[in-house]
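# Secondary and tertiary structure notes
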Amino acid sequence: MYNVAPHSLVNLSSSLTSLSLESYYLGENHGEFPVNIFQLPKLENIQISDNPMIVHFPKSNWTSPIKFLQVVYTGLDIKIPNSIGDLKYLELLYVDGTGVLRNSIGNLVSLKQLILQVNFTGSIPASVGNLTQIAEIYLSGLHFSDELPISLGKLQNLWVLDLESNNFSGQFPNAFTNLTKLTSINIRFNHFSGPIPSDTNSPAGLLSLKISHNLLRGSVPSWLFVLPLLNTLDLSYNQLDGHINDFQVNSSPLSFVDISNNKLHGPIPRSLFELEHLTDLSLSSNNMTGFLHLEMISKL
């Protein structure tokens, strides 16, 4: 860890374009990071991590050309002010924070990655639907609640959506099946309810679907069994019922299947045992029937 006096940062050059402070020590009792640095006229990249310091974002006139903003592991959580919406060039927002997510987040029209950690609460504002360039959203392990906004369905460039371990509720969002570029959906450990949409307009490029530990019910839609690139399927700990269809076996990369702890019934599909890449399979705590012959298991 390097030692840096906080006052030495106050007079940084106005021509500074990038600042990285990782594992620096700014004094005991958390040194205070100079807020004016965030407003330097040419600053595009700022990274602060593994530093015990107090950080406050500007509350107004935050019109700098910042593209990459990362403030994590400082020991104190940061509130994101309304002024965050002034950063029209911002592409990455990665923050350990607290409080609510402001409506002004929807003004970040260049944003491609949103990563929030620690202690955010409240609901996701509908304005996130304006983030049409965003590719990755990571909001896991927080305290967000309420239903997801319908406007999520506008994020046509979204690849990754991770909302694990929050308090989201409401119906399983139909918007997910309309986001055709999605490769990963993780909504485990929430309170989503209702059926999984049977819409055939499913994201064909989906690699991972993790929706366990919710309150989902109804049958498992047929489109889940024919996704050509899917390698991880976790439907466990829900209230799903009905039969399980045969999986599309030819060239399937599926390696992980967990459908345990539901109310599924009917025969165990033989196609499960013909998935040549399968390494993890859990069917326990259901009402499925049939025999597992040794030759079926030996194929795995």
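Placed above this text is the structure.
Below you will find a few notes about this structure. Here the structure is a predicted model, which is why all the values come from computation and not from measurement.

About the thresholds
Residues numbered from 1 in each chain as written. Predicted model: local features only at pLDDT ≥ 70, side-chain atom pairs only at ≥ 80, totals over all residues. Heavy atoms only, no water. 1 Å grid on protein atoms, 1.4 Å probe; cavity = no way out; pocket = protein on both sides within 12 Å on 5 of 7 lines; lining within 4 Å. Points joined across faces, edges and corners; volume = space filled by probe spheres on them. Helix = DSSP H or I, 4+ residues; strand = E, 2+ residues; numbered from the N terminus. Core = buried A, V, L, I, M, F, W, Y, C linked by side-chain atoms within 4.5 Å. Buried < 20%, exposed > 50% of the residue type's maximum accessible area, 1.4 Å probe, protein only. Pairing = 2+ DSSP bridges. Salt bridge = Lys/Arg side-chain N within 4 Å of Asp/Glu carboxyl O.

### Some words on the layout of surface pockets
Roughly 220 Å³ of internal volume is contained in the largest pocket. Taken together, 13 residues form the lining of the largest pocket, with Val55, His56, Phe57, Ile78 and Lys79 sitting closest to its centre. Contributions of two or more residues to the lining of the largest pocket are made by strand 6 (53-54) and strand 8 (78-79). Of the volumes computed, that of the second largest pocket is approximately 160 Å³.

### Quick notes on the nonpolar core
Of all hydrophobic cores here, the largest spans 79 residues; its most connected members are Phe33, Ile46, Phe57, Leu69, Leu93 and Leu116. Of all the secondary-structure elements, those providing two or more residues to this core are strand 2 (18-22), strand 5 (45-49), strand 7 (68-72), strand 9 (92-100) and strand 10 (113-122). With three residues, the single largest contributor to this core is strand 10.

### So, the pairing of strand 5
Note that strand 2 and strand 5 share five bridges and pair parallel. Within strand 5, the position partnered with Ser20 by the bridge is Gln47. Note: strand 5 against strand 7, five bridges, orientation parallel. Across the sheet, residue Asn45 finds its bridge partner in strand 7, namely Phe68.

### Quick look at the pattern of salt bridges
Within the structure shown, the criterion is met by two salt bridges. With a closest N to O distance of 3.2 Å, Glu164 and Arg188 form a salt bridge. Note that Glu164 is positioned in the loop between strand 13 (160-162) and strand 14 (167-171) and Arg188 in the loop between strand 15 (184-186) and strand 16 (191-194), a separation of 24 residues in sequence. Close ionic contact of Arg188 with Asp234 constitutes a salt bridge, the shortest N to O distance being 3.7 Å. Of the two residues, Arg188 is situated in the loop between strand 15 and strand 16 and Asp234 in strand 19 (residues 232-234); the sequence distance between them amounts to 46 residues. Assessed through its relative accessible area of 5%, Asp234 is described here as buried.

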